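Per-entry structural report
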Amino acid sequence: MDVLLKLGIVLAIGLVGGKIAGKFKLPNVSGYLVAGLFLGPSFSTLITPQDVDSFAVISEVALAIIAFSIGSEFVLKDMRKLGKSVVVITFLEVIGAIGVVFALMYFVFGQPFAFSIVIAAMSAATAPAATLLVIRQYRADGPVTRALLPVAALDDILGIIAFGFALSVARLSVGSTDASLARMLVQPVLEVVGSLALGTALGFVLAYVAKRAGDRDELQATAIGAIAVATGLSNVLGLSALLTNIMMGTILVNVMRHSLRVFTAVNEFVSPVYVLFFTLAGASLDLRILFGVGLMGLGYIVARAAGKIIGAGVGARLTNAPETVTKYLGFALLPQGGISIGLSVLVRQFLPDYAVAITTIIMFSVLVYEVSGPIFAKLAIQKAGEIGGMDRA
């Protein structure tokens, strides 16, 4: 079938799924994901794994734009108010997820240390894409919403670092390392620092060029071009495109006086890309995974959720955050997606003995969390009374 015809079908089915989800008062993104399931190997052969690979550029563009948009939440004057709270909450929810998952795998299921520490580290990262769309759909604003995106962005950074260290320790424990310990421990830190440095430089360049842009079309093209350059350079240099774009957005929002024009111009461009991204994400999932994970997969899902909810709650209480943040923030941090799948590729490369088991559990958790995560995010901001907060403000 023609590629453009397939993309047209994916977009149409995704939109229908979003409409149906809206009828049941569910987030649109959950509808896109479920609609995608019916296009993929779970129910049909319209979208094959090869198609998903060929459409990978759509996912890459969507994730890059989402990361850039998240950077707009790191306004320094606001972060000074939230700064300590965000850092402590993020650190404790990451430690909570890693600690609870590791304890379950190692002590309850009796899995090897290397397996347990790696899959525990992979539980830290949150997929902020679905959460961002839920916030926008319901125009949410308030303490939970303002803390949510900075925490989701920071826990990706901590998650990447934690995974790097965990993989190093795991390889040493099974005697499969062919590099020095110092090099393996430093590598993830260099990746994070390099990504942030590149994002900083490109952020200043974008701010300079955007100030001189003429009309909205020129501004939109400039911003999309900058996101593409940031993503491409990150890929070439072996850096994290996600962190680079988050940092570029952060620099822009803090050094450009009317930066909202840039972010608005980008948002006006990406709605169809988001629909395609989430519908294709649903199409890439296979319900047959359900039969291969057993109790360990279910345990991983429960343990990760418990660790994040408890950790975020404890962190919020220690920093005297608002009561709504203490109660509900953790429930909005459950989605798991692109980063965890990307880390699975590294597991296959560097820890092949455990790759099949780890990848199967991670894919199962992505299936569950990507569908249910947006629903929990909506419930969290609803319970916190923040739906429609932008309009009230």
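Figured I'd write up the structure that's included with this text. Here the structure is a predicted model, which is why all the values come from computation and not from measurement.

**Some words on the overall build of the protein**
A tally of regular secondary structure across the protein gives 17 helices and zero strands. The C-alpha radius of gyration computed for the protein amounts to 20 Å, which stays within 12% of the reference 21 Å derived for 393 residues, consistent with globular compactness. Expressed as a percentage of the 393 residues in the protein, the buried residues total 53%. Long-range contacts, defined as pairs at least 24 residues apart, comprise 82% of the intrachain contacts of the protein with a sequence gap of at least 6. Carbon and sulfur atoms make up 68% of the accessible area of the protein, which totals about 16900 Å². Positive and negative charge centroids in the protein, built from 27 and 22 side chains respectively, lie 8 Å apart.

**Here's the deal with the environment of L295**
The residue L295 is located in helix α13 (residues 290-318) in this model. The exposure class assigned to L295 is exposed, which follows from its relative accessible area of 65%. When the C-alpha atoms of L295 and F109 are compared, they prove to be 9.3 Å apart, with 186 residues separating the residues in sequence.

**Some thoughts on the packing of helix α7 (residues 128-137) against helix α12 (residues 260-283)**
Remark: α7 packs on α12, axes separated minimally by 12 Å, with the N-to-C direction vectors making an angle of 125°. With respect to α12, the element α7 is oriented oblique. Our pair here, α7 against α12, has a crossing hand that is left-handed. Residues A129, A130, L133 and R136 of α7 lie in contact with α12, whose contacting residues are N267, Y274, F277 and F278. Partitioned by chemical class, the residues of the contact of α7 with α12 number six nonpolar, one polar and one charged.

**Overview of the environment of I310**
Here I310 is to be found in helix α13. Classification of I310 as exposed rests on a relative accessible area of 53%. It is 9.5 Å that separates the C-alpha atoms of I310 and K327, two residues lying 17 residues apart in sequence.

**Here we look at the layout of surface pockets**
Computed from the structure, the second largest pocket encloses a volume of approximately 700 Å³. Tallied by class, the residues present in the lining of the second largest pocket amount to twelve nonpolar, six polar and five charged.

**Details of the pattern of salt bridges**
One pass over the structure, following the stated rule, counts eight salt bridges. Between D217 and R216 there is a salt bridge whose closest N-O contact spans 3.1 Å. You can call D217 partly exposed: its relative accessible area is 46%. Residue classification places R216 among the partly exposed residues on the basis of a relative accessible area of 42%. In this structure, E268 engages R216 in a salt bridge whose closest nitrogen and oxygen atoms are separated by 3.0 Å. Remark: R216 occurs in helix α10 (residues 216-237) and E268 occurs in helix α12; sequence separation between them is 52 residues. Here the residues in one salt-bridge network are E93, D155 and K308, joined through shared partners.

**Section: the nonpolar core**
Ranked by internal contacts, the top residues of the largest apolar core, which has 78 residues, are F68, M248, L252, V262, F278 and L329. Here the element with the most residues in this core is α12; it accounts for 13 residues. With sequence-adjacent residues up to four places away left out, F278 is seen in contact with V29, Y32, L33, A129, A130 and L133. Judged by nonpolar contacts, the second largest core, of 43 residues, contains L37, I98, Y354 and I362.

**Remarks on the environment of R212**
Counting through the fold element by element, R212 comes out in the loop between α9 (181-211) and α10. Between the C-alpha atom of R212 and that of L154, which follows or precedes it by 58 residues, the distance is 31 Å. From its side chain, R212 meets the backbone oxygen of Y208 in a polar contact 2.9 Å long.

The rules behind these values
- Residues numbered from 1 in each chain as written.
- Predicted model: local features only at pLDDT ≥ 70, side-chain atom pairs only at ≥ 80, totals over all residues.
- Heavy atoms only, no water.
- Helix = DSSP H or I, 4+ residues; strand = E, 2+ residues; numbered from the N terminus.
- Rg over C-alpha atoms; globule rule 2.2 N^0.38 Å.
- Buried < 20%, exposed > 50% of the residue type's maximum accessible area, 1.4 Å probe, protein only.
- Contact = heavy atoms within 4.5 Å.
- Areas by Shrake-Rupley, 256 points an atom, 1.4 Å probe, with all protein chains shown as cover.
- Lys, Arg positive; Asp, Glu negative; His and termini not counted.
- Charge placed at Lys NZ, Arg CZ, Asp CG, Glu CD.
- Axes fitted to C-alpha atoms, helices over the stretch in contact; angles between N-to-C directions.
- Parallel < 35°, antiparallel > 145°, perpendicular 65-115°, else oblique.
- Left-handed = near helix turned anticlockwise from the far one by under 90°.
- Nonpolar A, V, L, I, M, F, W, Y, C, P; charged D, E, K, R; others polar.
- 1 Å grid on protein atoms, 1.4 Å probe; cavity = no way out; pocket = protein on both sides within 12 Å on 5 of 7 lines; lining within 4 Å.
- Points joined across faces, edges and corners; volume = space filled by probe spheres on them.
- Salt bridge = Lys/Arg side-chain N within 4 Å of Asp/Glu carboxyl O.
- Core = buried A, V, L, I, M, F, W, Y, C linked by side-chain atoms within 4.5 Å.
- Polar contact = N/O pair within 3.5 Å; in protein donor to acceptor, adjacent residues only side chain to side chain.

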